[in-house]
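# Notes for the structure review
Chain residues, written in single-letter form:
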Amino acid sequence: MIGEHNENILSDMLPTYYARQFPQNIFCRWLACGSSPQPLCNRELSFTLADDVYLRYLSISHQKDLQTLLQKKCPHKLDVGAVYNTKPSVGRHDAVVISRELVFDIDLTDYDEIRTCCQEARVCEKCWKFMVIACEIIDKALKDDFGFQSILWVFSGRRGIHCWVSDYEARTLDSPGRGAIADYLCLIVGGENQSKKVHLGNENLHSSIRRALNIIDKYFEQLLQDQEFLATDKLNSFLKLILDDALKSQVETTLKKMQEPSLNKWNTFINIYENYCRENGNVIRKIKYLIEEIKIQYCYPRLDVNVTKGFNHLLKSPFSIHPKTGKVSVVFKSANAKNLKIDEIPTIYSLLDDSVAENNQHETNMKAAVKIFQELVFALEKTEAMRKRSDANTSLDF
Amino acid sequence: MSIFYMTPVKGEIPVHLLEVIVVQRLEYLKLVLKGENITYNEYLIEDSLYDNVGHFTLCIVAILNGNREFLMFLTKTETELFRLRTNLFSTYELRCFAKKLLKTIKKIVTELSFVNSLEILCQHLVLKHMAKHILTHAKKCCEHKINIPFKQCLSFVANRQVELSNGVALVPCSKWKQYLVSLFEEYMNYKLKTNIRRVGVDPRINNLVNRLDKEFISSLLNQSNILLCKDVDNVSKYFPLCMLNLHQTLRQKHRLSHSQRFYYTLFLKSIGMPVQEAIEFWKAEYTQSPDGNHRCSHSWEQDEKKIVYGIRHMYGLEGARKNYVSVNCHRIQSMDNCAEGGCPFKYFDDKKLFKLLENHSQISMSQLYELKKKKQYTSACILTLNNIEECDNYRFNFTPVEYFSLNLKQNLLHEINE
């Protein structure tokens, strides 16, 4: 049954899941490809067992090792780490990180100050849209701006998404490089003590910001209707985004009187803003991109930059089971993010029990997800093979 | 010889002259740091022997000494000097500089990837019409562009100052000078990581290192005091605002988010809190339930083992026994997603900043806002300390721990004088 979740029976069900459903073969090939030129056994894995026992510095040499390890230990959590210069169990603290996929972690709890439909661990169709937008924006940036091709998107199992970039250029990126990419993608700055978190200046917007705004515009009106950002009790937070006092008081007076949906209030706000700018040519410098700043603060991806900047951060593996929800961390295509429905994501219960109503649908979805993973890994293997060949050729040049 | 300092000059020089050159250079660089106008000094004539010798010897001294602050000082000031010098270039001088550099690059064998980018840049700068254009074009001109792999211009990428396409950054001519300076800085960082232990065996060099150590590297105030957990509330009035904020948030909500808890623990460790006191301190807070607003799911009952392990790890008693250093202002000012923390001068609304400044009623708010606008957050913070005299040394690697040490020292002196 959907919704029924019991962490205690996980230990009984996981062995079957790992043996029958978890795509061991493709997983090993993905890791091996992403570890090269280092061998697969230099890749760190970590397990968290039933009683919160944490095992680090694990590694495998081939799929058979994985099979054995999974059956023996039956981990409740499976994490993937970096590739070291030696087997992690041998090197431990002294091992040096050689490479690691470029990763991104987007969690809906970082949107708690924005989303009105859910808070904390809860997630629904409405707030899932934030993840759709985030996925589209980041995917496009990684492909068009940085030229990355092997981009894996994974549902985190509860309320977020992860992104793994396996291109050689990404894997071998050092800490400053990862930091620069994280900073490039980060537009929302500031913590709890700052109300207005987006400042775009008054010069021409960078093309990546324009592109992100185009993507946001596809969803903004729908989001406004779903989330009612400008509802009476949310109006004050909205007003804090307007730093020009005269404009702010005009907007405040007008909007507080309106008893209409947020969409109408928003359009009214646009009108006030445009009139204000026309009448006060001298202040336009400071509020030139106010509309854009607001849209970005509400919709732009909120990344956990520490995950991206960290070289040896251990991140949840694709197709692992989330111990708190039982859901599978499925792989999905960025173009298909908007069609992903939380209820249709396979769970360990629905997959292993054919009496469950959703069993058929979830099994289909699971197969589809594994296929996407497979396609990505095949493409990655091909690219890696070509790269190795051209490297070999250049080294023969005299 | 070039002011990019890629190759050290060869030859012999009397030791006493070497000392003079190095000391002169060091004094000159201190003036550069203060932002004073670049004046004539016979030991720092561009492309001269003394200039080259002085630069490389000072690098050697910095590497052998190992003091992190000194290394940062050298990188910052040499880069600034380079920037000032190249700003004064005429078309002819720019072309000569580029030509010389291209010759040097062709001779050296290196895997350094940014040397490729330097080469591309110089190939453009050596052209007559390009050099002329660089010195006369508009501030935002993008008539000419060079293609640089994004990895070679990370600071431009991080600040979205260049357009990217397929992993290649299009650096417009208006940014070429800035790019040249950033390449110089990158090369400095590379040089200062060179392993030159063999040179350190020479007693004459050792002498020089020791002499400069005494003269420049003023020892940081020794915090041999032990901080007990019961005294933290009292002592918090000497904390810098960033740590005071964390302390107050912790007392109010009984929880801190991950990074903030990490930074605050390290801060307390650096100002003298022993590990047992730290455990008691965090226990006192985490045994209480979190104030409604905080969504932390940790509690002492459930997570004692994890929390204690984490604290002990930070004290170098577990795992890799890493010696964690307390975070510096630069890092705190770069935490874009800082939850309840961050540098108050950068990340806080005015109202919240004002509240934190309650006990600093004597400072000039207008001066503070000026500094905030100029993004000089550390300087703004230093305003809250009274009687700052020799602060130049601290400005680019200021840390909350130093703020605390200075503040404490000032107040103790004040009490003694009363």
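Residues numbered from 1 in each chain as written. Chains lettered and ligands numbered in written order. Predicted model: local features only at pLDDT ≥ 70, side-chain atom pairs only at ≥ 80, totals over all residues. Heavy atoms only, no water.

## Concerning the pairing of strand β1 (residues 43-48) of chain A
All names here are of chain A. Condition: The classification of residues rests on relative accessible area computed with a 1.4 Å probe and restricted to protein chains. Under 20% of the type maximum is buried, over 50% is exposed, and intermediate values are partly exposed. Each helix corresponds to a stretch of at least 4 residues labelled H or I by DSSP, and each strand to a stretch of at least 2 residues labelled E; elements are numbered beginning at the N terminus. Pairing between strands is defined by DSSP: at least two bridges between the two strands are required.
Along β1, 6 of the 6 residues are buried, which leaves the element largely enclosed by surrounding structure. The alternating pattern of β1 places R43, L45 and F47 and E44, S46 and T48 on opposite faces, both of which are buried. In this sheet, strand β3 (residues 77-84) lies alongside β1 in antiparallel orientation, the contact comprising 5 bridges. Paired with L45 across the strands is V80, a residue of β3. Direction of pairing for β1 relative to strand β2 (residues 54-58): antiparallel, over a ladder of 3 bridges. By the bridge assignment, L45 is partnered in β2 with L58. In this structure, the hairpin formed by β1 and β2 is closed by a connection of 5 residues, where D52 is found at a positive phi of approximately 65°.

## A few points about the interface of chain B and chain A
Keep this limit in mind: Two residues qualify as a contact provided that any one of their heavy atoms is within 4.5 Å of a heavy atom in the partner residue. Two parts placed together each lose some accessible area under a 1.4 Å probe, and adding up what both lose gives the buried area. The term salt bridge refers to a pairing of a side-chain nitrogen on Lys or Arg with a carboxyl oxygen on Asp or Glu at a separation within 4 Å. As used in this structure description, the phrase polar contact means that two N or O atoms lie within 3.5 Å; if the pair is within protein, one of them must be able to donate a hydrogen and the other to accept it, and residues adjacent in sequence are counted only when both atoms belong to side chains. By the convention adopted, Pro, Cys, Tyr, Trp, Phe, Met, Ile, Leu, Val and Ala count as nonpolar, Lys, Arg, Asp and Glu as charged, and the other residues, Gly among them, as polar.
Opposite the 31 residues of chain B that make contact, chain A presents 40 residues. Summed over both partners, the interface of chain B with chain A comes to about 2,800 Å²; 48% of that surface belongs to carbon and sulfur atoms. Seen at the junction of chain B and chain A, the total is 4 salt bridges. K140(B) is paired through a salt bridge with E203(A); the nearest N and O atoms lie 3.5 Å apart. In this structure, the connection of chain B to chain A is made through 15 residue pairs in polar contact (both at pLDDT 80 or more). The set of elements that each furnish at least two residues to the side of chain B that touches chain A consists of α7 (154-158), β2 (163-165), α11 (241-253) and α16 (344-347) of chain B. Taken together, the residues of the side of chain B that touches chain A break down into 12 nonpolar, 7 polar and 12 charged.

## Some points on the side chain of Q260(B)
Residue and element names in this part refer to chain B. Considering the arrangement of structural elements, one finds Q260 in helix α12 (residues 258-270). Taking the relative accessible area as the measure of exposure, Q260 reaches 2% and is therefore buried. Setting aside residues up to four positions removed in sequence, Q260 forms contacts with L246, M335, C338, E340, G341 and G342.

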